[in-house]
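Below, each chain spelled out in residue letters.
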Amino acid sequence: MTIAKSLAAGVPLSAVTGKAEIMDAPAPGGLGGTYAGNPLAIAAAHAVIDVMADEKLPERGQALGDRLKATLDALRAEVPQIADVRGLGAMVAVEFNRAGTTEPDPDMTKRVQAEALQRGLILLTCGVNANVVRFLFPLTIHRERVRGGAGDPEGFAARRHGGAMKHLKEALAAQGVHTLVAQFTDLHGVAKGKWLPLAQLDALLTDGAGFSGPSIAGTGLPRTGPRAEYYGRGIASTARALPWMPGFARVVCDGYVAGEPFDACPRQALARQVARLAERGWVLQTGIEPEFFLLRRAAGGGVEPADAQDRLDKPSYDLQSLPRQRGFVTELVAALQGCGLEVLQIDHEDAHGQYEINFLHADALASADNVMLFKLAAQAIAERHGMLFSLMPKPFANQPGSGMHFHVSLWDGAGEDARCLFGDARTPLLPLARQFIAGVLAHSAALAALAAPTVNSYKRLVVGESLSGTSWAPAYVAHGPNNRTALVRTLAGRFEWRLPDASANPYLATAGLIAAGLDGIARALDPGPACDDDLFELPLAAIRERGIALLPQSLGEAVAALEASSLLRTALGETLHREFVRLKRAEHVEHARHVSAWEVERYATMF
């Protein structure tokens, strides 16, 4: 059965449960129908529950609808002001029986439990035969409400929260989990965190795990006082057992300082932009495609491709070298699938030792969380295979670099009734999409600092002929239908943003993208004419004649554009914007003052 409803405050539950109608389930292996009725009035949020079923639901739809109504009425009776109590979820009871009988099917219940856990839902099971499953929407519970503060009559939220956490803990323990990996992301896009025993789950989800604030890059926090402590507060729906680390489960954390959301937390910066979309009923979907290298230490220092036989002049899609990495590839894919990610494909890219993996698109926050999970898995598995996993944008001057392209689409609503606002096969680029793209193009110089955030990034984003030949990295601020030489490649119902490279922090890049796109919509900007030309073949004079702007050609230039951008300062928050500019300017200066081996070789005896 699928229940996909907006949860909106202010509508009495009695008004939305009058219909007791369950649509029939589809063929085996598919998703079931939707409970008919108006949005459930619990809190201002969205929730989607998808349960895979192997058999049709019994022919008792009317009775099940009545039971749902009774459950919700009982919940409402217990908390009269339920619309004012955030964090409460609707509990939906569903019985699973063996096909054609009234006999309970515990095996089905177990399968549903596993499926729901992968989707980030909290399951509660009860009943003598353990064939009743209850789903608790994973909504945020404010600390004061958990502790029985105002708006929480008789500590109801605390009881529900505590019970849900108990069952989540039991579910993780049943998978053999004994240790939690509390993971957050620093300003550079590096995964950080610590390990906690599973028994500390409740503390992680309420108060959070504590860290020394100034020890984390880009916080700008002091060494003393109440704001010296950074707390990573776990998000229950992100708990995932890690197949490559038996006994461990990752929990994504948001940053908090002095009990408040930390404005310089990259994930919170993205969440603020997602909230701006949600105010309009919109959801941004991204499909992020990381490219990466598998390397090893070279005998004379430096690095080289891990596969010594990977030496084709044009190795893209090579089916000779890809099988030689099948041990790494199959283990990585299995690990990601075990965490609930749907892997679409993996291939050999255009450089020696370079690969790309594609996941199914997801909402913006989930996509960024998935990229961080991919990093953790790929790093650990590559090390186990004696290799170095690298997201360095361009490790070899004579080889193409690694991008991290974003496929972007904007949707009105969520679930089965969602509607793409960018277009479809018949109308591939609606006016709203053109405005969003125009905003991205208009702010591309400042966005470059977020999407290409290292000095090495600009060895990839070169104007003119690259040492590696075709780099597939855009240097020109343009858009065009299926044009991989432009910054924005337009497709039916979506566009591909080709600026980000593999070193980008996915939260910051996405936050900047949303802010720029919304600005384009707010100002009804026009992206200009589409470009059908191969921009890599046009001389620079022709590019300038067409009025096509160039991307920054150094980190220093990009950081200067970011510093001057009031739009991105507001979007990222004053602290994050200031700290990012400070760190990246220092990186640019350090690189500028570094004396490389190339310089010594060229100039030591030249004069």
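All values derive from a computational prediction rather than experimental measurement.

Cut-offs applied
One numbering rule holds for all chains: residues counted from 1, following each sequence as written. For a predicted model such as this one, the threshold for reporting local features is a pLDDT of at least 70, and the threshold for listing and counting side-chain atom pairs is 80 or more; totals across whole chains, interfaces and linings nevertheless cover every residue. Calculation of side-chain values draws on the structure's entire complement of heavy atoms; hydrogens and water are dropped beforehand. Cavities and pockets were defined on a 1 Å grid built over protein atoms only: a cavity is a set of grid points that admits a 1.4 Å probe from which the probe cannot escape, a pocket is an open set flanked by protein on both sides within 12 Å along at least five of seven lines, and lining residues are those with an atom within 4 Å of any such point. Grid points are joined across faces, edges and corners, and a volume is the space filled by probe spheres set on the points. Per the convention used, a helix needs a DSSP run of H or I reaching at least four residues, while a strand needs a run of E reaching at least two, with both numbered from the N terminus. All residues other than Ala, Val, Leu, Ile, Met, Phe, Trp, Tyr, Cys, Pro, Asp, Glu, Lys and Arg, Gly among them, are scored as polar; the first ten of these are nonpolar and the last four charged. Under the scheme applied here, a residue whose accessible area is under 20% of the maximum for its type counts as buried, over 50% as exposed, and between as partly exposed, the area being computed with a 1.4 Å probe on protein chains only. We call two residues in contact whenever any of their non-hydrogen atoms come within 4.5 Å of each other. For this document, the term salt bridge refers to a Lys or Arg side-chain nitrogen within 4 Å of an Asp or Glu carboxyl oxygen. Axis geometry follows a simple rule: fit a line to the C-alpha atoms, using only the stretch in contact for helices, then measure angles between N-to-C directions, giving values from 0 to 180 degrees. Note on angle classes: values under 35 degrees are labelled roughly parallel, values over 145 roughly antiparallel, values of 65 to 115 roughly perpendicular, and the remainder oblique. For a crossing to be left-handed, the near helix must be turned anticlockwise from the far one by less than a right angle; the clockwise case is right-handed. Centres within 6.5 Å are what make two rings of Phe, Tyr or Trp a pair, Trp counting through its six-membered ring; a difference in plane orientation under 30 degrees is then read as stacked, over 60 as edge-to-face, and the rest as tilted.

Student: Teacher, can you tell me more about the layout of surface pockets here?
Tutor: In this approach the atoms are scanned with a rolling probe the size of a water molecule, which exposes any empty space left behind. Roughly 470 Å³ of volume is contained in the second largest pocket. Broken down by secondary-structure element, the contributors of at least two residues to the lining of the second largest pocket are β13 (282-297), β15 (343-348), β16 (354-359), β19 (404-412) and β24 (494-497). Of the residues belonging to the lining of the second largest pocket, the class tally is 4 nonpolar, 10 polar and 13 charged.

Student: When you look at the environment of Pro428 in this model, what are you seeing that I'm missing?
Tutor: With respect to the helices, strands and loops of the structure, Pro428 is situated in the loop between β20 (419-420) and α10 (431-442). With relative accessibility at 39%, the residue Pro428 sits in the partly exposed group. In this structure the C-alpha to C-alpha distance between Pro428 and Thr490, which are 62 residues apart in sequence, comes to 8.2 Å. Every residue in contact with Pro428, bar those within four places of it in the chain, is listed here: Phe422, Gly423, Leu491, Ala492 and Gly493.

Student: What am I meant to see in the pattern of salt bridges here?
Tutor: A side chain with one charge may pair with a side chain of the opposite charge, provided their charged atoms come close. Applying the stated rule across the entire model yields 19 salt bridges. Measuring nitrogen to oxygen at the nearest pair gives 3.2 Å for the salt bridge that ties Arg267 to Asp254. Pair noted here: Arg267 is in helix α7 (residues 266-278) and Asp254 is in strand β11 (residues 248-257), with a separation of 13 residues, a long-range link. Close ionic contact of Arg384 with Glu331 constitutes a salt bridge, the shortest N to O distance being 2.4 Å. With a gap of 53 residues between them, Arg384 in helix α9 (residues 364-384) and Glu331 in helix α8 (residues 326-338) connect regions that are remote in the sequence. One network of salt bridges, with partners in common, ties together Asp254, Arg267 and Asp369.

Student: Just checking my understanding: could you explain the packing of α10 against helix α12 (residues 506-522) for this structure?
Tutor: Relative orientation of the contacting elements α10 and α12 amounts to 120°, with a least axis distance of 6 Å. The angle between α10 and α12 places the two elements in the oblique class. For the pair α10 and α12, the crossing hand works out as right-handed. Between α10 and α12, the contacting residues are Leu432, Gln435, Phe436, Gly439 and Val440 on the first element and Leu513, Ile514, Ala516, Gly517, Leu518, Gly520 and Ile521 on the second. Residue classes in the contact of α10 with α12 are distributed as 8 nonpolar, 4 polar and no charged.

Student: I keep staring at unusual backbone geometry and nothing clicks. Help me out?
Tutor: Leave glycine aside and you will find that most residues have negative phi; peptide bonds, for their part, are mostly trans. One non-glycine residue, Ala258, adopts positive backbone phi at about 55°. Unlike most non-glycine residues, Tyr317 shows phi in positive territory, near 60°. Tracing the chain through its elements places Tyr317 in the loop between β14 (303-305) and α8.

Student: In this structure, what is going on with the packing of aromatic side chains? I would like to understand it.
Tutor: Given two aromatic rings, one states the distance between the centres and the angle between the planes to describe the pair. Taken as a whole, this structure holds 18 aromatic pairs when the rule is applied. With 5.3 Å between their ring centres and 45° between their planes, Phe292 and Phe389 make a pair best called tilted. Linking Phe292 in strand β13 with Phe389 in strand β18 (residues 388-390), this pair joins segments that are 97 residues apart in sequence. Of the two residues, Phe292 and Phe389, neither departs from the other in class, the shared state being buried.

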